[in-house]
Amino acid sequence: MTKTLQRLARLAGALLYTAVLGTGLPAQAQSASPLPSVAKLAEPYVEPVTGWYWNASESGRGFAIERQGDRLFLAGFMYEESGEAVWYTSTLTLQPNGAYAGQLDRFQNGQSLLGAYRVPTSSNVGSATLAFDTDMHAEMQVAPNGKAPSTILLERFPISVPAFQPSNAPFRNGWYWSKNESGRGYFIEVQGSTAFIASFMYKDDGRPTWYTMTATLTQTLALTAPLVQFSQGQPLQGAYREPVQVPGNSGKATFSLSDSGDGVLLLPNGKDVSVEAFDFNGGQPSPRDHAGQCPEDQYWAQGKCVAPGDGLVVAPMGVKLWIGVVPQMGQTYQFRYCVDLANCIPLHTEKFVSYEDLQDEETPEIVAYIYEVEHEFNRMLQWLHKNGKMPPTKVITSVLGNAIVKALADEAPTAVENARQEFERRDIDLPEDLSTPPETARCTPDSGSPRGSGIGPVLMASPPQDCYKGRLYTFGWMDLGEDGTAQGACFMAQKRALNGDLTMYNAQNVSACYCHSGGKVNTIPVKYLCNVFFDAGN
C-alpha cells in the first residue's frame, strides 16, 4: 500500500493533467500553431484507452486523455519554469494516418477552489500531436510557439494493485464539469475501487493551479480525499526536476456520483457543486443509448441487435443496483433486472435516502445488506441459467420485485428468503448451495496482460466442452471484408471497453478466444466469430 501511495503521489507531480471543460470557455487560440509530426512510432496507429498517462522516468507530469468518437480531450498538469503549478489543454482531432492533432492552450483568470464564478480567458501556447501504437502506449510531440518541438513518451498509469483492474464504479472514467461554472474541470479514473482525480482550477489571483486526490470508492459511490498540491517539478519543455508536495492540504472534497455520472462535488467549505460527464464530442458511446431499438427477443451487443441462434447464447445480465443523486438532498436506490445493458426493468419504486441519513451509524450495515441481496439474486439467476431452468423475464421480475417489496413493507432483511419461497411456489426449486464447480482445467485462462485481454485466438470448429461448464460466455465478430481477421474478432470479444457483457458481470478469468470462420450472427455472415468464457465477479 505504501508503494502504491508513493506512486500515486509521484503521478501527482507526473501527470500532465488539465480539466477545463466546456463550451463556456473561450474559443481556441487566435493564432494557430503548425502541428508537429509524429515519426518514431510505426503505423498503423490505434485508438487509446481513456485514462491517466505518464512517463514513468519523468514522474511529476501526467496526462488525462478521453476519447469521444474522432476527438480526444487532453489536459496536462505540470509546472512553469518558475516551479509554479500550471496546466494546458488540447482538443485533438483524428488525422488520416490515425494520429491526433490540435492546438495547445493555457487558461487563466477563472474561478478558484472556493471563490465566486469568473469567466476564464485563454491563450494559445503551441500545438500537439499524439499517436498510439497500442491502446496503452503513445508518443506525444509538443511544439511551443517559437521553440523547437520535443517528444514525450507516454504509457498508462497504474492506479490499482494489480494494475489496470476493471473499474468497480458504474459511472464512466473521463472528464466531468459543471455546466454553470465552465472553466473548471475534473478528470476521474477508477481502477478497481481506487480512484485518481485531478481538479483544474485557478488561484485567487487568476493563475492556473491544480489539485489531486486519491480516493477509495464507497458502496454509496462516493469518493472522498484531501486535495493535495505540488510545485517545483518539470515544465512542458526542459530538464527533469522532481516535484515537491506543498505542505498540508487544501481540505477534503467529495464526489458523489450516480450510475449515469450526474452528481455533486462537495467542496471543503461545504458548498455543493452539481457535476456531470463532459460530452465534448457527443459523449462516449453507450449500449444504453440503444434501449428499445431492438425487436423483441433480440439484444444489443457489439454494436448490433443480436438474436440467440445455433451455438450462440446471449445470457441475461442479471440484477443491478442503480444509484441516483438528488442534488443537495441525497441519493436514490433501485434494483433493476437487466436483460442486457440497454434493457433494464425496475423491480420496485426508487427509494430516497437523505445525505443526513447516509451519515447514520447503521448505514454501513444496511448498505452491506443491499449489496448482499444483489449478490444472492444474481447467484440464483446464474444457477438457473447454467442449469437450463431460466424462467421468462416476466416471472423473474415478478418474483424478485415482490420479494423486495415484501421485505421493505415488513422492514425485515428477508428479500433473499422471500425470493426463494416465491420461486418454490412457482415450482422452480433452487438448491441451498448455488455454487457450481468451474471445471475449466482444459479451458485456457486469461494471460493476465495489463490490457485485460486473454490470449488467443485459437482457431477451431468449436471450443472445448469444459469451457462451458459452470461459466458464462460472450462473443465478438468481424464482418466480411478483406480487412477482417481472427485477431480483430478476438479483440472485439475480449476488450472490456467494447463488450458490455464483460463489464456488467465484472468478468474474471477470461478465457482465450475460440474462433471459427464462416459463422453467422442474426443470420448475417461474418468472417470470424470468437467465443470467450469467464466467471462472474463479485
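Residues numbered from 1 in each chain as written. Predicted model: local features only at pLDDT ≥ 70, side-chain atom pairs only at ≥ 80, totals over all residues. Heavy atoms only, no water.

Right, let's talk about the overall build of the protein for a bit. For the protein, the count of helices and strands is seven helices and 29 strands. Counting across all 538 residues of the protein, residues that qualify as buried make up 52%. (Helix = DSSP H or I, 4+ residues; strand = E, 2+ residues; numbered from the N terminus. Buried < 20%, exposed > 50% of the residue type's maximum accessible area, 1.4 Å probe, protein only.)

Here we come to a negative patch on the surface. On the surface, a cluster of negative charge is made up of E356, D357, D360, E361, E362 and E365. Considering the arrangement of structural elements, one finds E356 in helix α2 (residues 355-358). For E356, a relative accessible area of 68% puts it in the exposed group. (Patch = residues over 30% accessible without salt bridge, like charges linked within 9 Å, V, L, I, M, F, W, Y side chains within 5 Å. Areas by Shrake-Rupley, 256 points an atom, 1.4 Å probe, with all protein chains shown as cover. Salt bridge = Lys/Arg side-chain N within 4 Å of Asp/Glu carboxyl O. Lys, Arg positive; Asp, Glu negative; His and termini not counted. Charge placed at Lys NZ, Arg CZ, Asp CG, Glu CD.)

Around the barrel, which closes on itself, the eight strands sit in the order β1-β2-β3-β4-β5-β6-β7-β8 with antiparallel pairing between neighbours. Here the average twist between neighbouring strands, direction ignored, is 30°. Of the strand pairs in this sheet, strand β4 (residues 85-94) and strand β5 (residues 100-108) are connected by four bridges, and their pairing is antiparallel. Bridging from a neighbouring strand, T93 pairs with A101 of β5. (Pairing = 2+ DSSP bridges. Axes fitted to C-alpha atoms, helices over the stretch in contact; angles between N-to-C directions.)

Now for the nonpolar core. The nonpolar side chains of soluble globular proteins are, as a tendency, buried together. F171, I188, L223, F255, F377 and L400 are the most contacted members of the largest nonpolar core, which totals 55 residues. With seven residues, helix α4 (residues 393-410) is the single largest residue contributor to this core. Judged by nonpolar contacts, the second largest core, of 44 residues, contains F63, A138, F157 and W177. (Core = buried A, V, L, I, M, F, W, Y, C linked by side-chain atoms within 4.5 Å.)

Here we come to the sheet that holds strand β9 (residues 174-177). Taken in spatial order, the eight strands line up as β12-β11-β10-β9-β18-β17-β16-β13 in an open sheet, and their pairing is antiparallel. Looking at the sheet topology across the chains shown, the edges are occupied by β12 (208-216) and β13 (222-226). Adjacent strand axes in the sheet meet at a mean angle of 25°, parallel and antiparallel pairs treated alike. In the sheet, strand β17 (residues 263-266) pairs with strand β18 (residues 272-277) via four bridges, with the strands oriented antiparallel. Bridged to V264 within β18 is S274.

With the rule as written, the count across this model stands at three disulfides. Through a disulfide, C338 is tied to C344; the S-S separation comes to 2.1 Å. Residues C338 and C344 share a disulfide whose torsion about the S-S bond is about 110°; that sign makes it right-handed. Here C515 is linked by a disulfide to C530, with a sulfur-sulfur distance of 1.9 Å. Taking the torsion about the S-S bond as the criterion, the C515 to C530 disulfide, at about 110°, is right-handed. Note that C515 is positioned in strand β27 (residues 514-517) and C530 in strand β29 (residues 524-534), a separation of 15 residues in sequence. (Disulfide = S-S within 2.5 Å.)

Before going further, it helps to examine α4. The end-to-end C-alpha distance of α4 is 26 Å, a good match for the 26 Å that 18 residues give at a rise of 1.5 Å each. Residues V395, I396, T397, V399, L400, G401, A403, I404 and A407 constitute the buried set of α4. The positive-phi residue at the C-terminal boundary of α4 is E411, with phi of around 50°. (Expected span 1.5 Å × (residues − 1).)

Now for the pairing of strand β8 (residues 150-156). Note: strand β1 (residues 51-54) against β8, two bridges, orientation antiparallel. When the bridges of β8 are listed, W54 appears paired with E155. Of the pairings in the sheet, the one linking strand β7 (residues 137-144) to β8 comprises six bridges and is antiparallel in character. The residue of β8 that forms the bridge with V142 is S150. Adjacent in sequence and paired antiparallel, β7 and β8 are bridged by five residues, among which G146 carries a positive phi angle near 80°.

What follows deals with the packing of aromatic side chains. On inspection of all chains with the given rule, the structure shows 23 aromatic pairs. Aromatic pair Y53 and F132: ring centres 5.7 Å apart, planes at 75°, arrangement edge-to-face. Placement of Y53 in strand β1 and of F132 in strand β6 (residues 121-134) is noted, with a sequence separation of 79 residues between them. Y53 sits in the buried class, given a relative accessible area of 0%. Arranged with centres 6.4 Å apart and planes meeting at 20°, the rings of W210 and F230 form a pair that is stacked. Residue W210 is found in strand β12, and its partner F230 is found in strand β14 (residues 230-231); the two are separated by 20 residues along the sequence. (Phe/Tyr/Trp six-rings, centres within 6.5 Å; stacked < 30°, edge-to-face > 60°.)

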